[in-house]
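# Reading the structure
Given next are the chains, with one letter for each unit.
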Amino acid sequence: MAMCPTAGAFGADPDEDGAGKSSFPNLYLDLRTSYSQVPAGTLAFGFGRPILFNALQTLATTSGVALPTGLPATKTLNVDFPFTVDVTDAVSLYGGVSGSSTEFGSSGWSSFQVTSWNIGFQADLYQQNGGIFPTVTLQSTLTQSIPNGPLTTTSFNNIIEFDYALDEDETRGLLAGAQFTHANVGSPLVRINPNTIGYVGGYYQWPNNWKFTGRVGVQSFEGAQLLNLTPIRPFTQPVVRLDLDRMDDNDNRLFGVTAEIMWLPKPAYQLTVRTPLYAVRN
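In this report, the structure presented in the accompanying data block is examined. (Residues numbered from 1 in each chain as written. Predicted model: local features only at pLDDT ≥ 70, side-chain atom pairs only at ≥ 80, totals over all residues. Heavy atoms only, no water.)

We now examine the packing of aromatic side chains. Using the criterion set out here, one finds five aromatic pairs in the structure. For the pair Y28 and Y278, a centre-to-centre distance of 4.9 Å together with 40° between the ring planes defines the contact as tilted. You can see Y28 sitting in strand β1 (residues 26-38) and its partner Y278 sitting in strand β14 (residues 267-280), a full 250 residues away along the chain. The exposure class of Y28 is buried, given its relative accessible area of 5%. Centre to centre, the rings of F47 and Y199 are 5.3 Å apart; their planes meet at 85°, and the pair counts as edge-to-face. Taken together, the residues span a long stretch of sequence, with F47 in the loop between β1 and α1 (52-61) and Y199 in strand β9 (residues 195-205) at a distance of 152 residues. Exposure class is identical for F47 and Y199. Each is buried. Members of the aromatic cluster, joined through ring pairs, are F45, F221 and F235. When the ring centre of Y203 is taken as reference, the NZ or CZ atom of K211 above it lies at 4.8 Å. (Phe/Tyr/Trp six-rings, centres within 6.5 Å; stacked < 30°, edge-to-face > 60°. Helix = DSSP H or I, 4+ residues; strand = E, 2+ residues; numbered from the N terminus. Buried < 20%, exposed > 50% of the residue type's maximum accessible area, 1.4 Å probe, protein only. Lys NZ or Arg CZ within 6 Å of the ring centre and 35° of its normal.)

In structure tokens, the structure reads:
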């Protein structure tokens, strides 16, 4: 976040044996559709796209409206359209826009509109390739809300992940990593402090190319102040993400479902369906 909430350390997997490789890179629209529920009085970051863009956009359109109980509960339907280029097995570049419809408190669903754009990259800094040291992957994403205005939000999200494969084919392994998110808001009346996640996990891929990945971690949010609303207090709470993906023989994702639970400290939920649309698939 996702940041999403984003492509990335949780994106395309490398081809292990090089069979059928082309000199032309993979080109695809990594379409992701998400539904989320966030309890009142908090902001959600988690592993995916930060939902704070929807909350701040709604605050911008309701400025001057009294919200005596603080930030209301939020439901969001979000669609991400990042165009992705797998330059090599180790490097991917992506950029695109996100659109959403939001139900803020009991106000009813808003019309669907573009809410942010993002650009980023994912790179393997080191690849295990059967050795004793794990693959090290860095993902970095810059996201900015649309349109520009007093509550324009810019988010910087960085993920470092270590992947230790337990077999030569890299069909099962262990994960560990950390995510760091920092958000800047144009208005001096809004302050959002950094969010950090540390996690461990693992994955298993069956011979029929279905792949399950699980991550369990702890999220630490340093709090926020949104206009004249009640301050959002800091918290340190667990977070869980579960992925089920259908891969092809070259480990390109064909379909994926992600379920995420974030305690904020009350639980927030996000379900994401991932349906990549390939222009070129090697």
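The next subject is the sheet that holds strand β13 (residues 253-263). The 12 strands are arranged β1-β2-β3-β4-β5-β6-β7-β9-β10-β12-β13-β14 in a closed barrel whose pairing can be described as antiparallel. The average angle at which neighbouring strand axes cross in this sheet is 20°, direction not considered. Two strands pair when backbone bridges link them, and strand β7 (residues 172-185) and β9 are joined in this way by 10 bridges, in the antiparallel orientation. Across the sheet, the residue bridging to L174 is G202, located in β9. (Pairing = 2+ DSSP bridges. Axes fitted to C-alpha atoms, helices over the stretch in contact; angles between N-to-C directions.)

Cis rather than trans, the peptide bond between L264 and P265 has omega equal to 5°. Within the element layout of this structure, P265 appears in the loop between β13 and β14. One non-glycine residue, E170, adopts positive backbone phi at about 60°. Topologically, E170 is positioned in the loop between β6 (153-165) and β7. On the basis of relative accessibility, which here comes to 22%, the residue E170 falls in the partly exposed class.

It is characteristic of soluble globular proteins that their nonpolar side chains tend to be buried jointly. L43, L71, I192, F221, L226, I232 and L264 are the most contacted members of the largest nonpolar core, which totals 25 residues. Residue assignment for this core shows that the elements contributing at least two residues are β7, β8 (190-192), β9, β11 (224-226) and β12 (235-247). In contact with I232, other than residues within four places in its own chain, are G41, T42, L43, L71, F221, G223, A224 and L226. (Core = buried A, V, L, I, M, F, W, Y, C linked by side-chain atoms within 4.5 Å. Contact = heavy atoms within 4.5 Å.)

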